[in-house]
Amino acid sequence: MQDYLSVIDSLMTFAEDPQSNINLPELLRVIQDGLASISSNHMPSSQIRDELKQFLVRSPENPPEMVEIPPSKSEDDKRQAMSERDQRSLQRWINRAQQLRTGDWLRDQEKPDEPQYIRLVWVARGFSRFVFVNHQGMRVVELALEALAQHMRKGIIVPDNQYDRPLVDESIDRMVRKVYDQLSWASTHDELTGLLGRREFERMLDQQLARREDQRALVLLDLRQFRLLNDTAGYQAGDEALRRVADVLRSHVGDGMPLARFSGNEFAFMLPAENALDASRGIVSAIEAMEFVFDSGSYHLSASVGLAPELPALANAERWLKAAEEAMKSAKKRGHGKVMEYTLDAHDHARQEQIAAKVANLGDLNEERMLLRCQKIIPLHARTSMAAQYEVLISMYGDDGNLITGKDFVRMAERYDRMQAVDRWVVGHMLDWLRDHAPDPKHMGGICINLSGHSLNDQQLMEFIYDKLSQKDAPIERLWFEITEASAINDIQGISEFIEEMKELGCRFCLGDFGSGPTSFQFMRSLPVDMIKLDSAFTSQLDTSETDQAMVKSMVDMAHYMKREVIASRVETRAVLDMLTSLGVDYAQGFTIEKPRLLTSLD
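Not measured: the values here are computed from a predicted model.

About the criteria used
Position numbers for residues start from 1 in each chain and track the written sequence from start to end. Totals for whole chains, interfaces and linings use all residues, but because this is a predicted model, local features are given only for residues with pLDDT of at least 70 and pairs of side-chain atoms are given and counted only at 80 or more. For the side-chain quantities, the full set of heavy atoms in the structure was used; hydrogens and water were omitted. Secondary structure elements are defined from DSSP: runs of H or I of at least 4 residues count as helices, runs of E of at least 2 residues count as strands, and each element is numbered from the N terminus. Only protein chains enter the accessibility calculation, which uses a 1.4 Å probe; a residue whose area is less than 20% of its type maximum is buried, one above 50% is exposed, and one in between is partly exposed. Whether two residues are in contact is decided by their heavy atoms: any pair within 4.5 Å suffices. For the area figures, the Shrake-Rupley method with a 1.4 Å probe applies, and any residue is considered shielded solely by the protein chains shown. Every axis corresponds to a line fitted to the C-alpha atoms, with the helix fit spanning only the stretch in contact, and the corresponding angles, defined between N-to-C directions, vary from 0 to 180 degrees. Angles below 35 degrees are treated as roughly parallel, those above 145 as roughly antiparallel, those between 65 and 115 as roughly perpendicular, and all remaining angles as oblique. All residues other than Ala, Val, Leu, Ile, Met, Phe, Trp, Tyr, Cys, Pro, Asp, Glu, Lys and Arg, Gly among them, are scored as polar; the first ten of these are nonpolar and the last four charged. Pairing between two strands is assigned when DSSP locates at least 2 bridges connecting them. Stacked, edge-to-face and tilted are the three classes for Phe, Tyr and Trp ring pairs, Trp counted by its six-membered ring, which pair at centre distances within 6.5 Å; planes under 30 degrees apart are stacked, over 60 edge-to-face, the rest tilted. Salt-bridge detection follows one rule: a side-chain nitrogen of Lys or Arg within 4 Å of a carboxyl oxygen of Asp or Glu. What makes a nonpolar core is a set of buried Ala, Val, Leu, Ile, Met, Phe, Trp, Tyr and Cys residues whose side-chain atoms join them at distances within 4.5 Å.

A. Quick peek at the overall build of the protein chain. From N to C terminus, the protein chain includes 20 helices and 22 strands. Within the protein chain, the proportion of its 603 residues that are buried is 46%. At a minimum sequence separation of 6, the contacts of the protein chain that also span at least 24 residues come to 67%. Here the protein chain has roughly 31,400 Å² of accessible surface; of this, 48% comes from carbon and sulfur atoms.

Structure below.
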């Protein structure tokens, strides 16, 4: 290949200067050898050879006919046509491409349905070209630096550091994941029935409210006459009856719909909204048709059911569950076997519609009545990397002057695709606040801002954050981010690279809601975060629940093994705080430490 490229260079040189010193016999020999190795129906090799000979051996009175080729745009010309932001973004991806090393594995997703793994085997001097091969060692991709950067920027070629991991690391990872999965199952499922536990079910309710991929109804079911069976036939008979009822519920609740045992004789599940009422009545009939025969006699059970559809007012799992509980209480009052559906009263309905309209039509956030509060995070031992910090909490006032709480505000903002604008405003506002107020590091080491997984899917938001934090006077050492709703992230690899870039500037990252689902370990392994924040569900009963203690201990050990620090939130008693300290947790946050306060109080 190098010889043939040299032939082209020699021919171009001779065309421009016939007096140039080239070895014509040798040049013709190389051309002859090359032509002999190919065949063409369009132009015989002899004709090509004769025309080249006439071109090379010519008289001064018969100069060759030259065709002018318009010059191509240089890379500088192309870059001048790009916006300043695009140039900065491209340069960052060029820097990433230059960090690749021979032997690195990447995933080529040019055909999304048939991605292939490719390995970098050669980088030209000056990073001018990159050559990749497949598993068979065949060259499949060859790109110039800027073209590779563009492919990486568009997600066509994605580095995959986990693809060719050493066997020892892989076995350790499998062992850690196995232990985590076992503890995760124990903490999220009911041991007696194998159904979900309340905490995991509530997490799935929040997930449903965040994604809203389909319309569902929440159903609470309370077994009637169960106490009589349990008291007269014994607790073993009661356990057997609960297992059989769980089997009936499994057969009636569709695949993919969460089903849980809450406590004692109470169950919860979701059903498709369009037939939830009829399906609930069918479940009650199936339970009433069951017969339980034990030594003490024959028993029959019934059920009372409360049903709550998805409504704008029910913006979080807690409200949705309370609505279903109200409906279930109404069903109990009407006797055994009744099913009642929750409905909003006129005042609550009007209030929630007003909140939804307000959030859906957010204007300039500088003109809105935003309210920023903060809550203290303290270190629990002397070896932590950070001093006391504050997490920023956001809410706003409605047009009627009433406060829209943070949880309702965030949920509505995610539903109406306004979270990106909110996160952008908070980042800009907090950077300005830190720059203007410069609080004493002794009292406030830094500020934590939540970034929703929904927002991280917005490339423009990430560019905005990078640009703001790249500014010369940006107090980046005082700012860090907590990633919430990580399951909503579409491009984990892209976000991982974004985090790495931000960390190069001096920023820190925390993975929130850790332990709330089976994907938590995968997110911690894939995202280069500095900290994890335990899901608050683990702290409420930590001082009395041995299962929660074992789960927290395993997560702390796993995080420390992977060089991450651990934060616990919603710490509301001194007993829980002491338990967290004994389990090795690094930081704590909650009412027992400090209640949320206005950001302006830190002035």
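B. Spatial organisation of the packing of helix α15 (residues 419-437) against helix α16 (residues 459-470). Two numbers describe how α15 lies on α16: the axes approach to 10 Å, and their chain directions differ by 5°. If you check the angle between α15 and α16, you find them roughly parallel. Two secondary-structure elements touch here, α15 through Gln420, Asp423, Arg424, Val427, Gly428, Leu431 and Asp432 and α16 through Gln460, Leu461, Phe464, Ile465, Lys468 and Leu469. Here the contact of α15 with α16 is composed, by residue class, of 6 nonpolar, 3 polar and 4 charged.

C. Structural context of the sheet that holds strand β11 (residues 302-309). Strand order in this open sheet of 5 strands is β7-β8-β6-β11-β12, and the pairing throughout is mixed. If you trace the sheet from one side to the other, it starts and ends with β7 (259-263) and β12 (339-341), each paired once. Sheet twist, expressed as the average angle between the axes of neighbouring strands with direction ignored, equals 25°. Direction of pairing for β7 relative to strand β8 (residues 266-272): antiparallel, over a ladder of 4 bridges. When the bridges of β8 are listed, Arg261 appears paired with Phe267. Docked against the sheet, helix α8 (residues 198-211) engages β6 (216-224), β7 and β8, running at close to 25° with respect to β8.

D. Broad picture of the packing of aromatic side chains. Within the structure shown, the criterion is met by 5 aromatic pairs. Taking 6.3 Å as the distance between ring centres and 50° as the angle between the ring planes, the aromatic pair formed by Phe294 and Tyr299 counts as tilted. Centroid distance Phe498 to Phe509: 6.5 Å. Interplanar angle 75°. Geometry classified as edge-to-face. With Phe498 in helix α17 (residues 492-505) and Phe509 in strand β18 (residues 508-514), this residue pair connects regions lying 11 residues apart in the sequence. Assessed through its relative accessible area of 3%, Phe498 is described here as buried. Through a chain of ring-to-ring contacts, the aromatic side chains of Phe481, Phe498 and Phe509 assemble into a single cluster.

E. Region of the structure containing the packing of α8 against helix α12 (residues 317-333). It is the contact of α8 with α12, at a shortest axis distance of 9 Å, that shows an interaxial angle of 110°. The orientation of α8 relative to α12 falls into the category roughly perpendicular. Contacts from Arg198, Glu202, Leu205, Asp206, Gln208 and Leu209 of α8 reach α12 at Ala317, Trp320, Leu321 and Glu325. Of the residues assigned to the contact of α8 with α12, the class counts are 5 nonpolar, 1 polar and 4 charged.

F. Local environment of the pattern of salt bridges. Per the counting criterion, the structure on display carries 24 salt bridges. A salt bridge links Glu501 to Arg92; the shortest N-O distance between them is 2.6 Å. Taken together, the residues Glu501 in helix α17 and Arg92 in helix α5 (residues 84-98) connect sequence positions 409 residues apart. You can call Glu501 buried: its relative accessible area is 8%. For Arg92, a relative accessible area of 7% corresponds to the buried category. Counted as one network, the salt bridges with shared partners bring together Arg92, Arg96, Glu463, Glu497 and Glu501.

G. Structural context of the nonpolar core. Membership of the largest hydrophobic core comes to 72 residues, with the highest contact counts inside it found for Ile465 and Phe481. Broken down by element, this core gets its largest block of residues, 9 residues, from α15. If you look at the next biggest cluster of nonpolar residues, it comprises 54 residues, including Ala260, Tyr299, Val339 and Leu344.

H. Looking closely at unusual backbone geometry. At Lys563, a position not held by glycine, the phi torsion is positive, near 65°. Take Lys563: it is sitting in the loop between α19 (546-561) and β20 (565-568). Here Lys563 falls in the exposed class, since its relative accessible area comes to 73%. The phi dihedral of Arg570 is positive, around 55°, even though this residue is not glycine.

I. Here's a closer look at the environment of Leu52. Assignment of secondary structure puts Leu52 in helix α3 (residues 45-56). If we ignore the near neighbours within four places in the chain, the residues touching Leu52 are Leu11 and Ile31.

Without other data, these values stay purely geometric and don't point to any function.
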